[in-house]
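# Report on the structure
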Amino acid sequence: MTELLKKVRVINPQFQTDTIADVLIANDHIAAIAPDISQVSADTTILDGQGLILGTGLVDLYSHSGQPGFEQRETLSSMLQAAAAGGFTRITILPDTSPVIDHPAMVRQFQQTPPPHPLPLQKEGELKLYPQVEIWGAMSLDLAGKQLTELADLAAAGVAGFTDGQPWDNLGFVRRVLEYLQPLGKLAAFSPGDRLLSSHGVIREGVTALSLGLPPVPASAETSALAALLELVAATATPVHIMRVSTARSVELVASAKEGGLPITASTTWMHLLLDTSAIISYNSSLKLEPPLGNPKDVEALQAGVKTGVIDAIAIDHAPYTYEEKMQAFASSPPGAIGYELALPLLWQNLVETKKLTALELWGALSTHPAKCLQQQPSTITPGAKAELILFDPRKTWKVEPQNLYTLSSNTPWLGQQLQGRVVKTWNP
């Protein structure tokens, strides 16, 4: 099949270009890019790309799958469809399924699961192609943080890297992980947090926490654990990815560590870039996250960190929960929110349209940089390259309602709201 996109805006973070061009796609590859392409075969489908954005496929560093164990929240099929509908051509699944992905047999189960059968079309637009799936292997058995998994066996089974995806209790365990992983050439990812300092807190410490009467989490719960982790990275020289950076001080620590030459990358989540503690005045349980939303100065620092590259990537951390699980008091509900189908339009409207980030900065943090963090080859828009692309319409309006979502869950603070921007086509060979 051959398609020609006329006068489309091409965002290519790999080459730092943002231009208007014609793009010819043939046999799952980019055949040509030029200011004007007029000579095409008779069977070419011509699409008017004016006002649309053609970008490299988005890459998610970490998100939660409901399957196996919590299929009422999300199946692998619904997760893949939600990710594809949101523009993600690659996703990476955290190991906190049930059973936990702490054995090669669990990795093989994911690898051997056939792609879901195409479902009858229920949502507006065409059913998207499914993203490529990578798996994080657990560092510890049952994510208990005490006994190491068979790291070498999991690495041989093809995991993308290793993480427990949650704060740790034992720095001695963290050091052992870093020492054992060094010869394996696999990435280690850690979500820094001191559970004793966090205690039972559910909101970032500050004026809003006091006014709402919710138990607070001090910023030092994250920063003290991060500082300790950076010391261990310095001692072992094992490459590490730092997940869920959420405080201004953490951005400073990451920047200092990078300046010192430590082999680290870092990410924050999309919701931490958009919202601060003031949003929690609604007590909407979908705003309860781990780590919690930051204060306004934290949000400003995270946005600046993405802009300067101190924060390499934006993760989605898609965490579906059922209505019953989330319809509890704020402090009692499980932390997390859905994000695959919402992240790009909300980030675009709130950060790019407001000029807080350029289109290239946002797209790089959602596509090129997360691929590099995962030690993958980023997709690019250049003649001869595979067409791993998405077509995004920043003007398209739609309402966030269960019937308009592919994910099975609807735990999001934007439920019922009108959004602007949606992916309208995907290429993923």
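Treat the numbers as computed from the prediction; the structure is a model and nothing was measured.

## Overview of the UniProt feature "domain: Amidohydrolase-related" (unreviewed entry) in the chain
According to UniProt, the "domain: Amidohydrolase-related" (unreviewed entry) feature falls on residues 255–426. Helix makes up 30% of residues 255–426 and strand 17%, whereas the separation of the span's terminal C-alpha atoms amounts to 35 Å.

## Here's the deal with the pattern of salt bridges
For the structure on display, the rule yields 17 salt bridges. Asp22 is the partner of Lys6 in a salt bridge, and the nearest nitrogen-oxygen pair spans 2.6 Å. One end of the pair, Lys6, is in strand 1 (residues 2–12); the other, Asp22, is in strand 2 (residues 17–26), and 16 residues separate them in sequence. For the pair formed by Lys6 and Asp22, the shared burial category is buried. Put simply, Arg175 and Glu179 hold a salt bridge, and the shortest N to O gap is 2.8 Å.

## Describing the environment of Val310
You can see Val310 is positioned in the loop between helix 10 (296–308) and strand 15 (313–315). Each C-alpha atom of the pair Val310 and Asp169 lies 26 Å from the other, and the pair is 141 residues apart in sequence. Residue contacts for Val310: discarding those within four places in its chain leaves Val251, Val254, Ala255, Lys258, Ala266 and Gly305.

## Things to note about the packing of helix 12 (residues 343–352) against helix 13 (residues 359–373)
At their nearest, the axes of helix 12 and helix 13 sit 10 Å apart, and the two run at 150° to each other. As for how helix 12 packs across helix 13, the hand of that crossing is right-handed. Here Leu344, Leu347, Trp348 and Val352 of helix 12 come into contact with helix 13, specifically with Ala359, Leu362, Trp363 and Leu366. Grouping the amino acids of the contact of helix 12 with helix 13 by side-chain chemistry returns 8 nonpolar, no polar and no charged.

About the criteria used
Residues numbered from 1 in each chain as written. Predicted model: local features only at pLDDT ≥ 70, side-chain atom pairs only at ≥ 80, totals over all residues. Heavy atoms only, no water. UniProt positions renumbered as here; feature names shortened; annotations may be inferred. Helix = DSSP H or I, 4+ residues; strand = E, 2+ residues; numbered from the N terminus. Salt bridge = Lys/Arg side-chain N within 4 Å of Asp/Glu carboxyl O. Buried < 20%, exposed > 50% of the residue type's maximum accessible area, 1.4 Å probe, protein only. Contact = heavy atoms within 4.5 Å. Axes fitted to C-alpha atoms, helices over the stretch in contact; angles between N-to-C directions. Left-handed = near helix turned anticlockwise from the far one by under 90°. Nonpolar A, V, L, I, M, F, W, Y, C, P; charged D, E, K, R; others polar.

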